[in-house]
Amino acid sequence: MKRLISIELQKIWLNKASRILTLTYFILLSFIALIASIKFDIGPFKFHLAEMGIFNFPFIWHFNTFVAAFLKFFLAIVIVSMMANEYSYGTLKQNLIDGLSKKEFILSKFLTVVVFALCSTIFVFVMSLLLGLSFSSYNEFDVIFMDLDYLLAFFIKLCGFFSFCLFLGILVKRSAFALGFLLVWSILEGIIKGILVFRIFPNSNTGDYIMQFFPLEAMSNLIIEPFSRLSVIKSIGTQIGVENTKDYSVHYLAILIVAIWVFLFVYFSYKLLKNRDL
């Protein structure tokens, strides 16, 4: 297993574009800390994000994992390119000639996906812990480590998304077309959701219930937007008569659904590769 991961990481690191994208991803993740410096003072109106409580424990786990998830597209490009390069440079065929089985080849790609997701999760955990200890109004031990299930949701979300990208990379063989397919699929899910929620089942939750089983929607459901949890947003909503009934917790059904999609993406990646004439 260690050998398989080592082979893939060497391929990524030796590719200049993949190396730059990977480094850019982690650098941008660290820029979340700069949110604390955003401050506007316009007369009596003072706007300071850090003072709004976004770095308070345990809210910071929710906020940072939600924001960090937007940056996953940088690594998605790396993963899709990783598969496209295997076909373009003939390394896939060479690996198989050298004795690597197709099952081991897919396993090596999946392990790379898990490593990326795990490193991202650890990075966000350390950064959030440091930011929280610096800015949080609540530093009790039990409060600090409350709601850590957002990190689990973040890890599963990345594994799901990267596995989808891996599958598309094998299916389409070209990185640009694979990323285009990903965009088309996201638009398609949006259209289906609109039809189900607003046209077919406008007066019930049936549309949302059906949509939770779609891959991208399932990943999105893992971490709900955190902004409406902020006290300032709640007070504005109360003043204009809007009641907030959102459930922000991490649901383990959503984790299970995404985990099943991970299995399916990896399984069908293997089946595609196994049945394809290389």
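Residues numbered from 1 in each chain as written. Predicted model: local features only at pLDDT ≥ 70, side-chain atom pairs only at ≥ 80, totals over all residues. Heavy atoms only, no water.

Enquirer: Is there a simple way to think about helix α11 (residues 215-222) in this case?
Expert: In an α-helix, one turn spans 3.6 residues; hence positions three or four apart end up facing the same way. In terms of burial, α11 is largely enclosed, as six of its eight residues are buried. Looking at the packing, one finds that the buried side of α11 touches α8 (149-172), α9 (175-200), α10 (206-211) and α13 (252-275). (Buried < 20%, exposed > 50% of the residue type's maximum accessible area, 1.4 Å probe, protein only. Helix = DSSP H or I, 4+ residues; strand = E, 2+ residues; numbered from the N terminus. Contact = heavy atoms within 4.5 Å.)

Enquirer: What is the right way to look at α9 in this model?
Expert: When the terminal C-alpha atoms of α9 are compared, their 36 Å separation across 26 residues agrees well with the 38 Å that a helix rising 1.5 Å per residue should span. Looking at α9, one finds that the buried residues are A178, L182, E189, L196 and V197. The inward-facing, buried residues of α9 contact α4 (72-88), α8, α10 and α11. (Expected span 1.5 Å × (residues − 1).)

Enquirer: Just checking my understanding: could you explain the packing of aromatic side chains for this structure?
Expert: By convention here, two paired aromatic rings are described through the distance between centres and the angle between planes. For the structure shown, the criterion picks out 20 aromatic pairs. With a centroid separation of 5.8 Å and an interplanar angle of 90 degrees, the aromatic rings of F63 and F227 are classed as edge-to-face. Taken as a pair, F63 in helix α3 (residues 59-69) and F227 in the loop between α11 and α12 (231-239) lie far apart in primary sequence, 164 residues in all. Overall, F63 belongs to the buried group, its relative accessible area being 4%. Overall, F227 belongs to the partly exposed group, its relative accessible area being 37%. Judged by centre distance (5.3 Å) and plane angle (80 degrees), the ring pair of F73 and F161 falls under edge-to-face. Note that F73 is positioned in helix α4 and F161 in helix α8, a separation of 88 residues in sequence. Classification of F161 by relative accessible area gives buried; the value is 3%. Of the aromatic side chains, those joined through ring pairs into one cluster are F55, F59, F63, F66, F70, F135 and F227. (Phe/Tyr/Trp six-rings, centres within 6.5 Å; stacked < 30°, edge-to-face > 60°.)

Enquirer: Any chance you could explain the packing of α3 against α8 here in plain terms?
Expert: Angle between the axes and distance between the axes: these two values describe a pair of packed helices. Contact pair α3 / α8: the axes reach a minimum separation of 9 Å and the direction vectors enclose 15 degrees. As summarised for this structure, α3 and α8 are arranged roughly parallel, according to the angle between their axes. Once α3 is placed against α8, the crossing between them reads as right-handed. Seen from α3, the contacting residues are W61, H62, T65, A68 and A69; seen from α8, they are Y150, L151, F154 and K157. For the contact of α3 with α8, the class distribution of residues is six nonpolar, two polar and one charged. (Axes fitted to C-alpha atoms, helices over the stretch in contact; angles between N-to-C directions. Parallel < 35°, antiparallel > 145°, perpendicular 65-115°, else oblique. Left-handed = near helix turned anticlockwise from the far one by under 90°. Nonpolar A, V, L, I, M, F, W, Y, C, P; charged D, E, K, R; others polar.)

Enquirer: What am I meant to see in the packing of helix α1 (residues 2-14) against helix α6 (residues 102-135) here?
Expert: Two elements in contact, α1 and α6, have axes separated by 9 Å at closest approach and are oriented at 70 degrees. Judged by the angle between their axes, α1 and α6 are roughly perpendicular. Between α1, through R3, L4, I5, E8, L9, K11 and I12, and α6, the contact on the second element is made entirely by E104, F105, L107, S108, K109, L111, T112, V115 and F116. Residues of the contact of α1 with α6, tallied by class, amount to nine nonpolar, two polar and five charged.

Enquirer: Is there a simple way to explain the pattern of salt bridges in this structure?
Expert: Enumeration over the complete set of coordinates arrives at one salt bridge. Here E217 and K193 are joined by a salt bridge, their closest N and O atoms 3.0 Å apart. Linking E217 in helix α11 with K193 in helix α9, this pair joins segments that are 24 residues apart in sequence. In this structure K193 comes out as partly exposed when scored by relative accessible area, which is 29%. (Salt bridge = Lys/Arg side-chain N within 4 Å of Asp/Glu carboxyl O.)

Enquirer: Looking at this structure, how should I read the environment of M219?
Expert: Within the element layout of this structure, M219 appears in helix α11. The spatial distance from the C-alpha of M219 to the C-alpha of C159 is 9.7 Å, given a sequence separation of 60 residues. Not counting the four nearest positions on each side in its chain, M219 is found in contact with K157, G160, F161, F164, V258 and F265.

Enquirer: Mind showing me how you'd approach the nonpolar core here?
Expert: Inside soluble globular proteins, nonpolar side chains tend to come together where they are buried. Counting residues in each nonpolar core, the largest one holds 73 residues, and the members touching the most others are I79, F154, F161, F162, F164 and L222. Top contributing element to this core by residue count: α8, with 15 residues. Apart from residues lying up to four places away in sequence, L222 is in contact with A153, I156, K157, V250, A254, I255 and V258. (Core = buried A, V, L, I, M, F, W, Y, C linked by side-chain atoms within 4.5 Å.)

Enquirer: Help me out: how do you make sense of a nonpolar patch on the surface in this one?
Expert: Taken together, the side chains of W13, L23, I27, F31 and L34 present a nonpolar region at the surface, about 520 Å² in accessible area. Topologically, L34 is positioned in the loop between α2 (16-30) and β1 (39-42). (Patch = residues over 30% accessible without salt bridge, like charges linked within 9 Å, V, L, I, M, F, W, Y side chains within 5 Å. Areas by Shrake-Rupley, 256 points an atom, 1.4 Å probe, with all protein chains shown as cover.)

Enquirer: In this structure, what is going on with the side chain of K109? I would like to understand it.
Expert: If you trace the backbone, K109 turns up in helix α6. You can call K109 buried: its relative accessible area is 0%. Excluding residues that lie within four positions of it along the chain, K109 makes contacts with E8, K11, M82, M83, E86 and L166.

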